[in-house]
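# Inside the fold
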Protein chains: 2
Amino acid sequence: MDTSKFAIPEIIFGHGAIKHVAQCALRLGARRVLVVSDHGLERAGWVEKLFDILAYDGLEWVYFNDVSQNPRDYQVHNGAEIYLEEKADVVIALGGGSPLDMAKGIATIAGNGGRIDDYERANRIMRPLPPMIFVPSTAGSGSDISQFCIITDMQRQVKMSIISRSLVPNISIIDPDLLLTKPPELVVSSAIDALSHAIESYVSKLASPFTENQALNAIKIIITHLEPAVETRSVHHLEQLSIASTWAGMSFSNASLGAVHALAHSLGGVSDIPHGLVHPILLPAVMRYNMPECLEKMATIGNIILGPCIRSRQDLAAMGIDQLGEFFKSFGVPVHMREIAPDDSKLEHICRMALQDACMLTNPRDADWKDLLGICLEAW
Amino acid sequence: MDTSKFAIPEIIFGHGAIKHVAQCALRLGARRVLVVSDHGLERAGWVEKLFDILAYDGLEWVYFNDVSQNPRDYQVHNGAEIYLEEKADVVIALGGGSPLDMAKGIATIAGNGGRIDDYERANRIMRPLPPMIFVPSTAGSGSDISQFCIITDMQRQVKMSIISRSLVPNISIIDPDLLLTKPPELVVSSAIDALSHAIESYVSKLASPFTENQALNAIKIIITHLEPAVETRSVHHLEQLSIASTWAGMSFSNASLGAVHALAHSLGGVSDIPHGLVHPILLPAVMRYNMPECLEKMATIGNIILGPCIRSRQDLAAMGIDQLGEFFKSFGVPVHMREIAPDDSKLEHICRMALQDACMLTNPRDADWKDLLGICLEAW
């Protein structure tokens, strides 16, 4: 085995855990924090609750909420300017993947200067970032755990993957209560994003014993708990999805991802498609493409999806992928790319752009743009 | 579920990973490091190898090797004085649990002043420690992962448990090559220490979904790989033991331990018995005592130890514990307390002292000193 690296934030997990946010900030030396969130969290009342918790412990704050569903470079630069002008000392982000990635971008520029595209791809952040505390409101993005930050370069129409150990927040406060205010379709798309993190990182070229177990745990939990979580909205099942998202985050942060995410970033850059919509469409097709290079692992995944059954490894792998497609359909989400992409004229460009994404480096099977086009057409 | 906290160091794992130690130190701002190790590692050539790596990257160092098998309070104070006098800026520890715990003690005093017994029990370290990088040479102590530091108070004859998030090193470099120079009996006692960490933390009152999976992974790996590791000395099996020790460390660092460790600390304080000798003797007896409070979990452990079989949960639990005793015997280690303890006249004192140990707080079944005495007599 080659050298494996494994880094995660300090995690505080549990119902009502958000109440610890001010004490965590104080522990990191905060006096005046930058809070990053968005309108959805404001409407659900969580932003105000966060302010109350900060005020109770005597912390000052500046608020930033200019966050698109695919966070943009100029928003990052504006946020960093506010952080510096207002002399903030800690960044607190509350929300789904978008506010969390925005906060990472802001912290990167606040600590390192320059422009966010200076840090595209892996290991280009050289100076320390301000301390970061993240409170995720979805069980899926994994941004609260990971070394990844995805920001759209508006001029090039590219979602840049910025990857650095420095992007792991200091503390992640995971409070499943935040999921109770989310609509079912967001619970589903977030969980499928987490499932995609788990499956892509499990078969990644960088997978290690430290990431593989966590990926398998995440797959098992999501396959078991997503349907009852959506149907019953019970705290127990939602909590399990939070746990699964955390496991998946630990896995992909350290083993990276593959072609599904490379294509999802490319699609999001060109067409501003919400990230969560892409996975149920592309994951089965990419798994079929990758299968020859990782049959044993695909069979292990198939065994989890299908449950106990006696089949050849080949059959377990192939039938598992088919069953995963049925699993996605059962939630009523789009499973054909034609349902979300405007037309097929941009597909070649999208596939050529995806080849540049850092996630392609760890896809288990090599691919050129025509291979990716084949995947997209299979999913069309 | 109550709030769970989970913190681990950054981990760099793999054959030859020790070569990264200087770069890691530089990343943490080092110019002149304090190296803590012991005579065993010197004889095996690892200390010199470490110096070569530091020298190659232009780092200066000061060396400290006054480390007993149960590290002592005055040694900690001497080491901290050297750290401060020599103006060191990072602590690097290389060795088994003893040099690692010594390094934690030195860093605590260097960063916080006072005496080491000021920090006994949980959460009493209030100021930051110097950065720490640990290179474990055994697969067992878990000190390279954990929030625990065990130091002997020589006057009171007590092994103090000092527990703080601040005691998690910044970076742990786990290089299974270091195990190749260890005698088989040390491989066995270290692995059984790790197994004890895994089992005690799995049934701990503080166990959470984040620690339970890791504990079970560790138990499975040790049961599977310890015998072939000792017989073949193959790198593959030794690497598996390193992975298991790391999982067990993640689990017990965050879920804490129980009566086996409370008694082991008390025995070590009174009689300077090596820590690793205590577990094969006490673990089965403590598991039998705890069984009524955690039957389901003991059955899950039993299922791993026994392999696939159809039994009641009660039988799985009880037969698993019996089989664990046989497993220990097969390695020729002492399994009766009379083989390591000088006489039984100190047992009452040892049990009364163990009740004061922080590990008793998370033992799944409450116990008074007479209960602990019953356990010791069962294991006598």
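Model, not experiment: these values are computed from the prediction.

Strand order in the open sheet formed by seven strands is S1(A)-S2(B)-S10(B)-S7(B)-S5(B)-S3(B)-S4(B), and the pairing between neighbours is mixed. Since the sheet does not close on itself, it has two edges, and those belong to strand S1 (4-6) of chain A together with strand S4 (60-64) of chain B, each with one partner. Averaged over all pairs of adjacent strands, the angle between strand axes in this sheet comes to 20°, irrespective of strand direction. Sheet topology note: the strand S3 (residues 32-36) of chain B/S4(B) ladder contains five bridges and is parallel. Within S4(B), the residue paired with B:Val35 across the bridge is B:Tyr63.

Aligned on chain A, chain B shows an RMSD of 0.0 Å; the corresponding rotation is 180° and the shift along the axis is 0.0 Å. The two molecules are tied by a two-fold rotation axis, judged by turn and shift. For chain B, the residue whose C-alpha comes nearest the rotation axis is B:Ile8, separated from it by 3.7 Å. When the interface residues of chain B are mapped onto chain A, 100% of them again lie at the interface, so the same face is used by both copies.

Tracing the backbone through its elements, the reader meets B:His261 in helix H9 (residues 259-271). In this structure B:His261 touches B:Asp193, B:Ser196, B:His197, B:Glu200, B:His275, B:His279 and B:Cys359, once residues within four positions along its chain are discounted.

Attention shifts here to the sheet that holds strand S6 (residues 121-122) of chain A. All names here are of chain A. Across the sheet, which stays open at both edges, the three strands sit in the order S6-S9-S8 with mixed pairing between neighbours. Where the open sheet ends on each side, the last strands, each with one partner, are S6 and strand S8 (148-153). Bridge count between S8 and strand S9 (residues 158-163): six bridges; the pairing is antiparallel. Along S9, the bridge assignment pairs Cys-149 with Ile-162. Against the sheet, helix H9 (residues 259-271) makes contact with S8 and S9, and its axis sits at roughly 135° relative to S9, the strand it touches most.

A word on the packing of aromatic side chains. Geometrically, a pair of aromatic rings is defined through the distance of the ring centres and the angle of the planes. Under the criterion given, the structure shown has 16 aromatic pairs over all chains. Where A:Phe6 meets A:Phe210, the ring centres are 6.2 Å apart and the plane angle is 35°; that geometry is what we call tilted. Of this pair, A:Phe6 sits in strand S1 while A:Phe210 sits in helix H7 (residues 209-232), and the two are 204 residues apart along the sequence. In terms of burial, A:Phe6 and A:Phe210 fall into one category: buried. The rings of A:Phe6, A:Phe210, B:Phe13 and B:Trp247 are connected pair by pair, giving a single aromatic cluster. Positioned above the aromatic ring of A:Tyr202 is the side chain of A:Lys297, whose terminal nitrogen or guanidinium carbon lies 4.8 Å from the ring centre.

Residues and elements named next belong to chain B. At their nearest, the axes of helix H4 (residues 73-85) and helix H5 (residues 97-112) sit 8 Å apart, and the two run at 60° to each other. Relative to H5, the element H4 is oriented oblique. Note that H4 runs across H5; the crossing there is right-handed. Residues Gln-75, Val-76, His-77, Gly-79, Ala-80, Tyr-83 and Leu-84 of H4 lie in contact with H5, whose contacting residues are Met-102, Gly-105, Ile-106, Ile-109 and Ala-110.

Residues and elements named next belong to chain A. Within the structure shown, the criterion is met by six cavities of 30 Å³ or more. The wall of the largest cavity is formed by Pro-136, Thr-138, Ala-139, Asp-144, Ile-174, Asp-175, Pro-176, Leu-179, Ser-242, Ser-245 and Thr-246. Sorting elements by how many residues they give to the lining of the largest cavity places helix H8 (residues 235-255) first, with three residues. Two domains share the lining of the largest cavity, each providing at least three of its residues, namely domain 1 (10-178) and domain 2 (183-378). Approximately 50 Å³ is the volume found for the second largest cavity.

Turning next to the nonpolar core. A:Leu282, A:Leu324, B:Leu282 and B:Leu324 are the most contacted members of the largest nonpolar core, which totals 173 residues. Ignoring sequence-local partners within four residues, the contact set of A:Leu282 consists of A:Val260, A:Leu263, A:Leu267, A:Met337, A:Ile375 and A:Ala379.

The figure often quoted for interface size is the accessible area lost as the parts come together. Of the residues lining the interface, 29 residues belong to chain B; the matching set on chain A comes to 29 residues. Here chain B packs against chain A, burying approximately 2500 Å² in sum over the two surfaces, 61% of which is carbon and sulfur. Applying the counting criterion to the chain B and chain A interface returns two salt bridges. On the surface where chain B and chain A come into contact, there are six residue pairs in polar contact (both at pLDDT 80 or more). Sorting the residues of the side of chain B that touches chain A by element identifies strand S1 (4-6), strand S2 (10-13), helix H7 (209-232) and helix H8 (235-255) of chain B as the ones contributing at least two each. Tallied by class, residues from the side of chain B that touches chain A come to 14 nonpolar, nine polar and six charged. As paired strands, S1(A) and S2(B) are joined by three bridges and run antiparallel to one another.

Calculation criteria
- Residues numbered from 1 in each chain as written.
- Chains lettered and ligands numbered in written order.
- Predicted model: local features only at pLDDT ≥ 70, side-chain atom pairs only at ≥ 80, totals over all residues.
- Heavy atoms only, no water.
- Pairing = 2+ DSSP bridges.
- Helix = DSSP H or I, 4+ residues; strand = E, 2+ residues; numbered from the N terminus.
- Axes fitted to C-alpha atoms, helices over the stretch in contact; angles between N-to-C directions.
- Least-squares fit on C-alpha atoms with pLDDT ≥ 70 in both.
- Contact = heavy atoms within 4.5 Å.
- Phe/Tyr/Trp six-rings, centres within 6.5 Å; stacked < 30°, edge-to-face > 60°.
- Buried < 20%, exposed > 50% of the residue type's maximum accessible area, 1.4 Å probe, protein only.
- Lys NZ or Arg CZ within 6 Å of the ring centre and 35° of its normal.
- Parallel < 35°, antiparallel > 145°, perpendicular 65-115°, else oblique.
- Left-handed = near helix turned anticlockwise from the far one by under 90°.
- 1 Å grid on protein atoms, 1.4 Å probe; cavity = no way out; pocket = protein on both sides within 12 Å on 5 of 7 lines; lining within 4 Å.
- Points joined across faces, edges and corners; volume = space filled by probe spheres on them.
- Domains from an automatic or database assignment.
- Core = buried A, V, L, I, M, F, W, Y, C linked by side-chain atoms within 4.5 Å.
- Buried area = accessible area lost by both parts, 1.4 Å probe.
- Salt bridge = Lys/Arg side-chain N within 4 Å of Asp/Glu carboxyl O.
- Polar contact = N/O pair within 3.5 Å; in protein donor to acceptor, adjacent residues only side chain to side chain.
- Nonpolar A, V, L, I, M, F, W, Y, C, P; charged D, E, K, R; others polar.

Remember, this is a structural readout, not a statement about activity or role.
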